Amino acid sequence: MSINRRKFLATTAAAAAATSVFRPAIAQTKKLRFAVGPLLPNPEDTKKAFGPVFAHIAKELGADFELSATTDWAGMAVAMGGGQLDLAWMGPWGYIIANNATGCQAVATVKYDEKLTYQAIIIARPDLKVTKFPDDTKDKSISFADVGSTSGWLIPTFYAKEVWKIDPKAFWKYSDGATHGANEIAVSSGQVDMATDFDRNRNAMIASGQVKEDSNKIIWTSDPLPNDAIAVPANASAEMSSKVQAILTAITVEQAKLLLPNRYTGFVAATHASYRLIENAGISVGKIKAKV
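The following refers to the structure shown. Keep in mind it's a predicted model, so treat the numbers as computed, not measured.

1. Considering the packing of aromatic side chains
Counting across every chain of the model gives 19 aromatic pairs. Each ring, one from tyrosine 112 and one from tyrosine 264, has its centre 5.0 Å from the other, and the planes form 85°; the classification is edge-to-face. Of the two residues, tyrosine 112 sits in strand E4 (residues 105-112) while tyrosine 264 sits in strand E13 (residues 264-269), which places them 152 residues apart along the sequence. The class of tyrosine 112 is buried, set by a relative accessible area of 8%. Between tyrosine 159 and tryptophan 220, the ring centres sit 4.9 Å apart and the planes meet at 70°, which makes this aromatic pair edge-to-face. Here tryptophan 220 lies in strand E10 (residues 217-221) and tyrosine 159 lies in helix H6 (residues 150-164), a separation of 61 residues in the sequence. Each member of the aromatic cluster is reached from another via a ring pair, and the members are Phe133, Phe144, Phe158, Tyr159, Trp164, Phe171, Trp172, Tyr174 and Trp220. The residue whose ring lies beneath arginine 200 is tyrosine 112, and the NZ or CZ to ring-centre distance is 5.1 Å. Arginine 200 extends its terminal NZ or CZ atom over the ring of tyrosine 118, reaching a point 4.8 Å from the ring centre.

Calculation notes
Residues numbered from 1 in each chain as written. Predicted model: local features only at pLDDT ≥ 70, side-chain atom pairs only at ≥ 80, totals over all residues. Heavy atoms only, no water. Phe/Tyr/Trp six-rings, centres within 6.5 Å; stacked < 30°, edge-to-face > 60°. Helix = DSSP H or I, 4+ residues; strand = E, 2+ residues; numbered from the N terminus. Buried < 20%, exposed > 50% of the residue type's maximum accessible area, 1.4 Å probe, protein only. Lys NZ or Arg CZ within 6 Å of the ring centre and 35° of its normal.

Here you go:
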């Protein structure tokens, strides 16, 4: 299954004329459509790493499934809106974008080292002298992640506007659209001076040998942010939502060692309110509208 925004845009008119088709897939077919965002450097690695937990969900639901790994977070919001997904592992901001556009709902938050939060970071070349951030980095090159990324785009953009009082596109030699893995590699190889990332990804890439710990350094860290959401579409039945939530929250730490990538330890129940902090940041930077 291929998920991309161009495909969705090309079929939007047809989809709008046939919205009655988009009922919960479990009511129509036993093959469920799952997706996971760009959590690892490439889709193949992501599907391999996260496939077991989706296989577990499908087995518990008594259904077959197909799994897609998207190359950007915003793509899943588009897919949700096009009725192409029955369940998605979304970054916090990707979830808020999708919720704002389609009404999809979070049913669980993943735990990492038994924690429910993580932090956005900005990394830099080891030799870049930064005594005061962001002042000492003016006119340096920086790579942001794609606009659907929480830690790689939304949070640094929010801080730039509300805290640092700068326009990142004017203050730095700015680019965006990269994956987190690509950002780590770009800084480590000297292609850019700085890049956005999140602490878990940097730790994982160091642990796997993809980058060396001393090949870049952290020069800024955000406040804690809620971990990734597991979301179902707005038209999912209450039964489907409850079943998925129960399956995920029943996964023990020991089971997580078999079903999830290293250091992910399970799930807790979540609702939309669990991601209100991210929603408020999105409203602040003008990328979503406040709901009346």
